[in-house]
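# Understanding the architecture of this molecule
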Amino acid sequence: MNSNLLRDLPRVDDLLSALISRPDTIKLPRVALLDSIRITLDDIRNTIKSGNANTMPNFNNICDLIADHALKSRKSGILPVINATGVVLHTNLGRAPIGENIAKQTIEAAAGYCALELDLETGQRGQRGSFCEDLLIRLTGCESALVVNNNAAAVLLALSAICAGRQIICSRGELVEIGGSFRIPEIITQGGVRLVEIGTTNRTRIADYAAAINPETAAILKVHTSNYKICGFTESASLPDLARLASENEIPLIYDLGGGALIKFDNSEPAVAETVPHADLLCISGDKLLGGPQAGIILGKKTLISRLRAHPLYRALRPDKLTLAALQFTLQAYADNEIENIPIVSMFSQTTETLRQKAEALAKKIPVKIGKIQILEINGAAGGGSLPGVDFPSFAVGITPEIISVNCLANSLRSHSRPIICRIQGDALLFDVRTLMPFDDDIIAMAIFSICEEASHA
Ligand SMILES: *Cc1c(COP(=O)(O)O)cnc(C)c1O
């Protein structure tokens, strides 16, 4: 180790005063700069200690390193990005975008005080979420509704409030795992319920359910296989048959539907309104096919929903005002038949002709010096564990860069001031236009233009 070098490390105070007079870092908070100074100096110290440094970088180089670090840290976190992956419900990118109108109304409600638990007509204390619940009743025809943090919470609350200490029957073909480690058998145990598995992976009949019912049975659980498909030699009990069996035995049928499509997307995905009449409790996500914020929604019988609302877990799982406001304005858009305000609905319903035109428009804007640009017909997926096996034919612009490598281009786009996320396929970057918002194509084109400029000066 070269201990002389360590002695030459610049002082924190000197670095700080240099950085607060630089144009690029002048606006950053002192604490952020101090953090970056500490981390950068640590890095340099470690390099010296490991014997991998013979000379100390000069003062200005160290300032550059610190400025880079400080500016980059500002750029991480929950920043708006451009989704050019074509995956509409991208879990890593926040699942459903809630749209500009709805976001604006949500911020207005949340920026000041809002009537979260106040009945404005009577001036009395109101019920949190009641406006959402009224809209859900109107839109789906259910008796009663309750909103919690996410669908995992909805299922946990339903199980805890209705089945704790008893048994629940579920088909072996429906013991689902959803991304982020939501597993039906584990959530059942967590709810204090004993799982009674019936049937086989591929075939479960109504007779299997009937044979498993006993005085300890608290409910029948049906789970929508939202992220996989079992095909071939298969059989499952129909929803109406399950509903009949449950009602004959005076036990509730709980249905974890997941997706939560308020309108019909595809024949493989049951719409909520057509499912409501058969299930005593129906659990759905707010940010999948419904196109709203992260939320869990439970629809069903009044007597059961009021037990859920009164359960101590509800207080731990209830949503905040931002969620409820965003959900309320999303549901209002459905009720007012203004579904063009719900981005995922528009994204899913674009015709291939519209998509082709969008791809052509984007391709025209991209500077040709980046490399080979072509328009490709591709197959997209819904994402977010929704609509498995359903193809979403789309169009993409493929760029095979010639002035830099494909990975380098992808990295530069990801670190752009509005990060651009796209797919790499072989030696090309694919920009699927299905998930592009208005003006995204201009931002992509400008980003590629400045990457070309940088590359030609390098
Ligand atoms: C997505 C999904 C869940 C989990 O919902 P979150 O809102 O992500 O908590 C649970 N069950 C099914 C069937 C799902 O599709």
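Throughout this description, residue numbers start from 1 for each chain and increase along the sequence as written. At least 70 in pLDDT is required for a residue's local features to be given in this predicted model, at least 80 for side-chain atom pairs to be given and counted, and no such filter applies to totals for whole chains, interfaces and linings, which use all residues. Think of the side-chain values as coming from all heavy atoms in the structure, minus any hydrogens and water.

### Looking at the sheet that holds strand β3 (residues 167-171)
Any two strands with at least two DSSP-identified bridges between them are counted as paired. Strands are runs of DSSP state E lasting at least 2 residues, helices are runs of H or I lasting at least 4, and numbering of each runs from the N terminus. One open sheet accounts for seven strands, arranged β2-β10-β9-β8-β7-β3-β6; its pairing is mixed. Strands with a single pairing partner mark the edges of an open sheet, and in this sheet they are β2 (144-148) and β6 (194-198). When strand polarity is set aside, the average angle formed by the axes of neighbouring strands in this sheet is 25 degrees. Inspection of the sheet shows strand β8 (residues 253-258) paired to strand β9 (residues 281-285) by four bridges, in the parallel sense. Here an axis means a line fitted to C-alpha atoms, over the contact stretch when the element is a helix, while the angle between two N-to-C directions is reported on a 0 to 180 degree scale.

### Considering helix α6 (residues 130-140)
Taken together, the buried positions of α6 are Cys132, Glu133, Leu135, Leu136 and Thr140. Seen from one end, α6 has its buried residues packed into an arc of 160 degrees, which puts them on one side. Against the buried residues of α6 lie β2, α11 (272-275), β10 (296-300), α12 (302-310) and α14 (321-335). Accessibility here uses a 1.4 Å probe with only protein chains present; expressed as a share of the type maximum, an area under 20% marks a residue as buried, one over 50% as exposed, and anything in between as partly exposed. Taking the helix axis as origin, the arc is that swept by the directions to the C-beta atoms. We call two residues in contact whenever any of their non-hydrogen atoms come within 4.5 Å of each other.

### Details of the domain arrangement of the protein chain
All the domain ranges listed were derived from an automatic or database domain assignment. Here the domain parsing of the protein chain yields domain 1 (2-74), domain 2 (82-92 + 347-456) and domain 3 (100-341). For domain 1 and domain 3, the distance between their C-alpha centroids amounts to 52 Å.

### Points about the packing of aromatic side chains
Paired rings are identified among Phe, Tyr and Trp, the last through its six-membered ring, by centres lying within 6.5 Å, and are further divided according to the angle between planes into stacked (under 30 degrees), edge-to-face (over 60) and tilted (the rest). A complete count under the given rule lists two aromatic pairs for this structure. Here the aromatic cluster, defined as three or more aromatic residues joined through ring pairs, consists of Phe265, Phe348 and Phe392. In this arrangement the basic side chain of Arg203 is found over the ring face of Phe233, its NZ or CZ atom lying 3.8 Å from the centre. Only when the NZ atom of a Lys or the CZ atom of an Arg is both within 6 Å of the ring centre and within 35 degrees of the ring normal do we say a charge sits over the ring.

### Observations concerning the site of the ligand
Inspection of the region around the ligand gives Arg95, Asn150, Asn151, Ala152, Ile178, Phe182, His224, Ser226, Asp256, Gly258, Ser285 and Lys288 as its neighbouring residues. At 2.9 Å, a backbone N or O of Ala152 approaches an oxygen atom of the ligand. For the purposes of these results, a polar contact is taken to be a pair of N or O atoms within 3.5 Å, where, inside protein, one atom must be able to donate a hydrogen and its partner to accept one; residues adjacent in sequence count only when each atom of the pair is a side-chain atom. Contacts to the ligand include Ser226, whose side-chain N or O atom sits 2.4 Å from an oxygen atom. Each accessible area value is a Shrake-Rupley result obtained with a 1.4 Å probe; residue values ignore everything except the protein chains displayed when judging cover. When isolated, the ligand has an accessible area of 380 Å², and the protein chains bury 94% of it. When residues of the shell around the ligand are traced back to their parent elements, those giving at least two are α7 (151-163) and β8. All amino acids are sorted into three groups, where Ala, Val, Leu, Ile, Met, Phe, Trp, Tyr, Cys and Pro are nonpolar, Asp, Glu, Lys and Arg are charged, and the leftover types, Gly among them, are polar. Taken together, the residues that form the shell around the ligand break down as three nonpolar, six polar and three charged. Nearness is defined per residue: one heavy atom within 4 Å of the molecule or strand is enough.

### Focus on the sheet that holds strand β12 (residues 392-401)
In sheet architecture, strand pairing relies on hydrogen bonds along the backbone and comes in two forms, parallel and antiparallel. If you walk across this open sheet you meet the four strands as β11-β12-β15-β14, and the pairing is antiparallel. Each edge of the open sheet carries a strand with a single partner, namely β11 (371-380) and β14 (423-425). Taking the axes of each pair of neighbouring strands and ignoring which way they run, one obtains an average angle of 35 degrees across the sheet. Both β14 and strand β15 (residues 428-432) contribute to a ladder of three bridges, which runs antiparallel. Within β15, the position partnered with Arg423 by the bridge is Leu430. Across the sheet, helix α16 (residues 352-365) is in contact with β11, β12 and β15; its angle to β12 comes to roughly 15 degrees.

### A short note on the nonpolar core
Formed by 55 residues in total, the largest nonpolar core has its most connected members in Ile220, Leu282 and Leu299. Top contributing element to this core by residue count: α14, with seven residues. For this core, the domains that each give at least three residues are domain 2 (82-92 + 347-456) and domain 3 (100-341). Dropping the residues within four chain positions of it, Ile220 is found in contact with Ile168, Ile169, Tyr209, Ile213, Leu242, Leu245, Ala246, Ile251, Pro252, Leu253 and Ile254. Residues belong to one nonpolar core when they are buried, are Ala, Val, Leu, Ile, Met, Phe, Trp, Tyr or Cys, and are joined through side-chain atoms within 4.5 Å.

### What about the pairing of β8?
With six of its six residues buried, β8 lies for the most part within the structure. On β8, burial covers both faces: Leu253, Tyr255 and Leu257 on one face and Ile254, Asp256 and Gly258 on the other are all buried. Note that strand β7 (residues 217-223) and β8 share four bridges and pair parallel. Its bridge partner being in β8, Val223 is matched across the sheet by Asp256. Crossover connection from β7 via helix α10 (residues 239-248) to parallel β8: handedness right-handed. The path from the first strand over the helix to the second decides the hand: if it runs clockwise while the strands point away from the viewer, the crossover is right-handed.

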